[in-house]
Each structure stands twice: as structure tokens, then as C-alpha cells.
Amino acid sequence: MERNLPIFVPTGQIQKANNALKITNKILYNGIEQIFNDAFYLLNSKHLQTIEDNYCFQIEFNKDYVEKMNFRFQAKDDNDYRKAIVLFDSVLSIRPYFKNAIYYKCVAKEKLNDKAGAIEDISQYIAFYPQDIKALTKRADLYEAIHEYRLSVEDYDKLIELYPLNSEYYHERANYKFHIDPKSSIPDYNKAIEINPLNIRAYNNRGRTLQAIGDIENANKDFYTAINLSDEKLKNEPNNESLYFYKGWAEDKLELYSDALINFTKAIEINPLHTTSIFSRACTKHTIKDYDGAILDFSNAIEIEPSKPHFYYKRGVAKETINDFIGAIDDYTKVIGLDTKYGQAHFNKGFSKFKLNKFEDAIADFSKVIELDPNNSDAYNKRGVSKALLKKYDDAIVDFSKAIELEPKNSKAHYNRGKIKDNLNKYEDAIADFSNAIALNPEYIIAYFYRGNSKGKLNKFEDAIADFSKAIALNPEYVMAYFNRGISKIELSKFDDAIVDFSKTIELDPEYVRAYSSRGISKFMLKKYEDAIADYSKAIELDPKYANAYHNRNLSKREIGDIAGAEQDLAKYYELIKKQ
């Protein structure tokens, strides 16, 4: 039987081979080798202690080298990225067509958030090497980062032209088309699956798309297919973190949140740096209202990949949900620093400032949203609300009207404009706006309430009562609706009915001062003077500076002959009035 025996090479021959390799490198790279290695080290200085290899040679001749070594392209600080760019430029001054210098200069600029510069570099690369897969996919990603999805699609058009049977290229092109028009992405997902029926990601993303356009049944079929395919592959690849991620992602879409968390966690256990799983687990935790857990996971993802705008954005949303508006603003600001055109970050930042009563600052943020997207109805609406709270009513109406022009079915804008018109005593116009809001949203409780208020101001008390009653039917614990309905009933001299409403108001809110006073008025009108006095006294107990309660109690005391007590209350009434 033959045996494979080791081959012994004399030391002298090994030395000669090494010397030959060095000479070959010198000829090939003509002085750029050390410069490139220094630059590549700086690009990875956060995780490399020193130059550990001949990166110039390895990257050029070993196509799997970068992936195998798992370089994370994180420098210690931005200055190292800038130094790397200078060194890559030095390489290019010697070898203008050295593609790796162009490519990694692009990566350094991307890390500095210089998307335009990165696109310029990778486009130069593609001009020299128009069929380079890595470059075309990188440029497509960069276009996505600046929301130029159509340009991303064009790069994948080229890839598909070169490789028409590559399932993943159809899948990625579909992902970009999803951002333009979800329906337009379906044929590409179909093609991806036709070419490779085992493409799990294509099933997941087609499912997401079908879900977005309302085809839930077929969406769920795709998600279950993704889960089943993942399970099959895991039999042979039990340590493949991506398969656990795909499975968890599908389970999340199916609202199987516990299962999703288990699979995301398994992926993270296999690869603690798998940021996609960490981020997705955070999103699932947010969905199930584990906000602290979500924030922790978002923070871990950010620590690993600090240049991802949507990581900060989602953490900001979680902070906003728990009313940490200052923390949310900080995260949205970081998003905008990474992507100035991230409109939703500007919007949410404005909303958080709004919640902190920083209305002028909120207006500035909503204005930025409008600058980025002039057709954003919600931004006009929110800016209008901010202006209204600053009592800039005319400006607010302009914004609400623009919101309605852009989106006639924006019920909130109709409602908000109605409130301003009510404040300006334009009650008929206000009623028209509230009615439009209700037509668009028949369960818009507060719109019924305010329409009732406007009708009451026009002395249409029966109509007002009908609106308050509708609000109560939708929300049986709506304190102010009971109170205002009671006031309308007083105006119609329905004092017994009014008492019922005020009593319900007090049941729901035992410290509602005006409810006691108004119930006292109703009892007074029914000549129940002792009971009226009791209600006025309770109002005074709750608010000793409530002047009208003293005045009304004075009237009731006179009716029962307590003149001294009446005079005392009247004196107190005048004392309080003078101080007001």
C-alpha cells in the first residue's frame, strides 16, 4: 500500500523561494506595498495591534482573505480613517489603477460618512473595472444609504445582465425595488426563487412584501417555507448563525415572538458579533414591550457597528416610548449626523421636542422634514400643532390646510384646524372641520367632544348633547364629556338629568371642583338648597380660592335664611375677585 510521505525541502531552497517571492512582490507593487499595508492597518486599527500580514499581497491574490480574516473595518478614531485615505491616495499616485487602494479608500470615506466621496471613488473603480461584482454591489449599497434606490437597481441590472442565473442578484434588486414600489419587487423575488428554490432570504423578503400589500395568506406561506428550509439546513449546519436568524425573522413576522427570541439568541450565542440578530432581537423585544431589553440590544448593536443610522433610530424610538425624550433626541441627532436625509429621524426629533414643550425647536425639525419631503402631510400637521400652542393661529391654519390639501383623508389635520377655528370663534367653520374628521374616522372620540363644544357655543344644546353622548358611548369614562353634557342640560333646564351627569363626573373624578359647583347650581334650581350648599362647600374644600362657589353658596344660604353665613360668603367672594 502506498503512503503519502512528507516532502522535505532543503532550508536553502525555502530561503531562495522566499527571496524570489519578495523580489516578485517588489516588481509587482513597485513601492506601494508598505504604504498600502499601513493604510489597511489604520482602517482596522480598533481591532489590530499592529500590521500582522502583507495585506497588499493577500488581498490581491487570495479572494477569500478579507472574509476569512473577518476584518471589521473599524478604526480607533476618525483621524485614522483620514490618515488611511491619505496613504491610499499615495498608493494611487504611484499606481493609479490599483483597484484595492481605490476600493478601501471608498470604505474609509464611507466610515467617515462621506457618502458622496465614497460613491465617487467606487464609481472610479467601476470605470476601470466595469464588471467587478464587489464594486457594483458596494455602490448599490451606498446609493441605498442616500435613498437613491433607483440607482441601486441600475447597478443590479448590470449584475443580472452579467450573471442572469444568479438568484441572489434578483433577490437584492427586489429589495431595492421594495423601497420604490413594493408590488414592483414581486417578479424579482419570484425569479430568485425560481432559480434557487432554497433561497431562504428571498422567501422571507417576498413574505414581507406580500404582507405590506395586504396578501397575508401568501405572506404567511412564505414565512413558514423559510422556517422549514432553515430547519432542514440546520440538520447539516447546526452552527450556522444565519439560519437561526432567518428562522427568527420569519417567526417575528408571524408574531411568534417567543420562538423568534429563542432563535435570535441562538444566532448570537454562535456569533456574538452578529449585529443583524442583535438588532432583530431588539426589535422583537420592543414589539412585546420589553423596552429596557430592546434598548440594551440596540446599544450592543451600536457598539459593534456604530455607523448604522437605523440602529440609533430604533433605539431612539424605544426611548421615546418610555418617555425618555432627551435620550431619544440624542439618538435622533446621531442618526441625522450619519444620514442628513433621514426624514423620519427629523420628524421624531421634532416630536420629542414637542413633548418637552420646546415648540420653536420642534417647528424647526418639522420644517426640515418638509424641506426633505414637501408632500409630508403629517409634518405640516405637527408643525401646525406646534404653532397653535405658540398661539400663532393663522400660521397654524395654513399648515393644517396644506396637510389636508396633500392628504384629504388626514382626519387629524381636519380636527386640529377645527380646534383653531373654535379658538377664533369661527364655530360654524370649526363644526365643518370636526364633521370632516368624524366622517373620515367615525370613532374619533375627541372630535365628537369638540364639535359638541362648538355647537354649545352656538346655543345648539340638543345637538351638543348628541355629540357628547356619542363620545361617552365610545368612551364611557370620558369625564369631560359627562361634565359638558351636564352643562348643556342646565342650559335646557333639564336639571335632574344634569345632576346625573355631574354625579357621574364626580364618580370618575372625585376632585373635579367645577362638577360639584355645577351640580350645586342644578340643585339650587330645583330648590334643593341644603344639598346645593353641600356641593358648594365641597368645591370650596377642594379649591378655597374658587370665588364663584362662595357666591353661589351665598345665594343658597339666603334662601334658607342663613343671612349671616350668606354675608360672610359674599364678603369672601369680593375679596377673591379683587385679587384676581
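Check the entry above for the structure.
Everything quoted here is computed from the prediction, not taken from an experiment.

Asker: Describe the overall build of the protein chain, listing the residues and the values that go with them.
Answerer: What the protein chain contains, in helices and strands, is 33 helices and zero strands. Here the C-alpha coordinates of the protein chain stretch approximately 130 × 50 × 45 Å along the principal axes. For the protein chain, the proportion of its 580 residues judged to be buried stands at 48%. When contacts within the protein chain are restricted to residue pairs at least 6 apart in sequence, long-range pairs at least 24 apart make up 48% of them. By element, 50% of the accessible surface of the protein chain is carried by carbon and sulfur atoms, the whole surface being about 29600 Å². The average position of the 83 basic charges and that of the 88 acidic charges among the side chains of the protein chain differ by 2 Å.

Asker: Which residues make up the nonpolar core, and what are the values?
Answerer: Of all hydrophobic cores here, the largest spans 70 residues; its most connected members are F36 and Y104. Looking at this core element by element, the count peaks at seven residues for helix α6 (residues 99-111). Ignoring sequence-local partners within four residues, the contact set of F36 consists of Y55, C56, I59, F88, V91, F98, N100, A101 and Y104. Ranked by size, the runner-up nonpolar core spans 22 residues in total, among them I295, I302, V335 and L338.

Asker: Lay out the packing of helix α19 (residues 325-338) against helix α20 (residues 343-355) with the relevant residues and their values.
Answerer: Taken N-terminus to C-terminus, the directions of α19 and α20 make an angle of 155°; their axes are 9 Å apart at the nearest point. With respect to each other, α19 and α20 are oriented roughly antiparallel. Crossing hand, α19 versus α20: left-handed. Contacts from F325, A328, I329, Y332, T333, V335 and I336 in α19 reach A345, H346, N348, K349, S352, K353 and K355 in α20. Broken down by class, the residue content of the contact of α19 with α20 amounts to seven nonpolar, four polar and three charged.

Asker: Which residues make up the packing of aromatic side chains, and what values go with them?
Answerer: Following the criterion strictly, the structure yields 41 aromatic pairs and no others. Note on F223 and W249: the rings are 6.3 Å apart at their centroids and 65° apart in plane angle, and the pair reads as edge-to-face. Taken together, the residues span a long stretch of sequence, with F223 in helix α13 (residues 216-236) and W249 in helix α14 (residues 241-253) at a distance of 26 residues. Per residue, the accessibility class of F223 equals that of W249, and both read buried. In this arrangement the basic side chain of K99 is found over the ring face of Y129, its NZ or CZ atom lying 5.5 Å from the centre. Residue placement shows R208 over the ring face of F178; its charged tip is 3.8 Å from the ring centre.

Asker: Could you give an account of a nonpolar patch on the surface, with specific residues and numbers?
Answerer: A cluster of nonpolar residues, I133, L162 and Y163, forms a patch on the protein surface that exposes about 220 Å² of accessible area. As for its position among the elements, I133 is in helix α8 (residues 133-145).

Asker: I'd like a description of the side chain of D467, backed by residues and values.
Answerer: The topology assignment puts D467 in helix α27 (residues 461-474). The exposure class of D467 is buried, given its relative accessible area of 4%. Excluding residues that lie within four positions of it along the chain, D467 makes contacts with Y448, R451, G452 and K455.

Asker: Give a description of helix α15 (residues 257-270) that names residues and reports values.
Answerer: The first and last C-alpha atoms of α15 sit 20 Å apart over 14 residues, in line with the 20 Å expected at 1.5 Å per residue. Buried residues of α15: A260, L261, N263, F264, A267 and I268, and no others. Buried positions along α15 lie against α14 and α16 (275-287).

Asker: How would you explain the state of the cysteines if you had to name every residue and give the values?
Answerer: Enumeration according to the criterion identifies zero disulfides in this entry. Free of any disulfide, C56 has its nearest neighbouring cysteine sulfur in C106, separated by 18 Å. A relative accessible area of 0% places C106 in the buried class.

Asker: Describe in detail the pattern of salt bridges, supporting the description with residues and values.
Answerer: The final tally for this structure, using the stated rule, is 47 salt bridges. Between K334 and D330 there is a salt bridge, with its nearest N and O atoms 3.3 Å apart. Taken together, the residues span about one helical turn, with K334 and D330 both in helix α19 at a distance of four residues. Accessibility expressed as a relative area gives 36% for K334, which makes it partly exposed. Here D467 and R451 are joined by a salt bridge, their closest N and O atoms 2.8 Å apart. Of the two residues, D467 is situated in helix α27 and R451 in helix α26 (residues 445-457); the sequence distance between them amounts to 16 residues. Taken individually, D467 and R451 each receive the classification buried, so the pair is uniform in this respect. Among the ionic contacts, a cluster of salt bridges with common partners joins D89, K105, K109 and D121.

Asker: Give a description of the packing of helix α28 (residues 479-491) against helix α29 (residues 495-508) that names residues and reports values.
Answerer: With their axes 8 Å apart at the nearest point, α28 and α29 run at an angle of 160° to one another. Compared by their axis directions, α28 and α29 come out roughly antiparallel. Every pair of crossing elements has a handedness; the one defined by α28 and α29 is left-handed. On α29, the residues touching V479, Y482, F483, R485, G486, I487, K489 and I490 of α28 are F495, D497, A498, D501, F502, K504, T505 and L508.

Cut-off values and rules
Residues numbered from 1 in each chain as written. Predicted model: local features only at pLDDT ≥ 70, side-chain atom pairs only at ≥ 80, totals over all residues. Heavy atoms only, no water. Helix = DSSP H or I, 4+ residues; strand = E, 2+ residues; numbered from the N terminus. Buried < 20%, exposed > 50% of the residue type's maximum accessible area, 1.4 Å probe, protein only. Contact = heavy atoms within 4.5 Å. Areas by Shrake-Rupley, 256 points an atom, 1.4 Å probe, with all protein chains shown as cover. Lys, Arg positive; Asp, Glu negative; His and termini not counted. Charge placed at Lys NZ, Arg CZ, Asp CG, Glu CD. Core = buried A, V, L, I, M, F, W, Y, C linked by side-chain atoms within 4.5 Å. Axes fitted to C-alpha atoms, helices over the stretch in contact; angles between N-to-C directions. Parallel < 35°, antiparallel > 145°, perpendicular 65-115°, else oblique. Left-handed = near helix turned anticlockwise from the far one by under 90°. Nonpolar A, V, L, I, M, F, W, Y, C, P; charged D, E, K, R; others polar. Phe/Tyr/Trp six-rings, centres within 6.5 Å; stacked < 30°, edge-to-face > 60°. Lys NZ or Arg CZ within 6 Å of the ring centre and 35° of its normal. Patch = residues over 30% accessible without salt bridge, like charges linked within 9 Å, V, L, I, M, F, W, Y side chains within 5 Å. Salt bridge = Lys/Arg side-chain N within 4 Å of Asp/Glu carboxyl O. Expected span 1.5 Å × (residues − 1). Disulfide = S-S within 2.5 Å.

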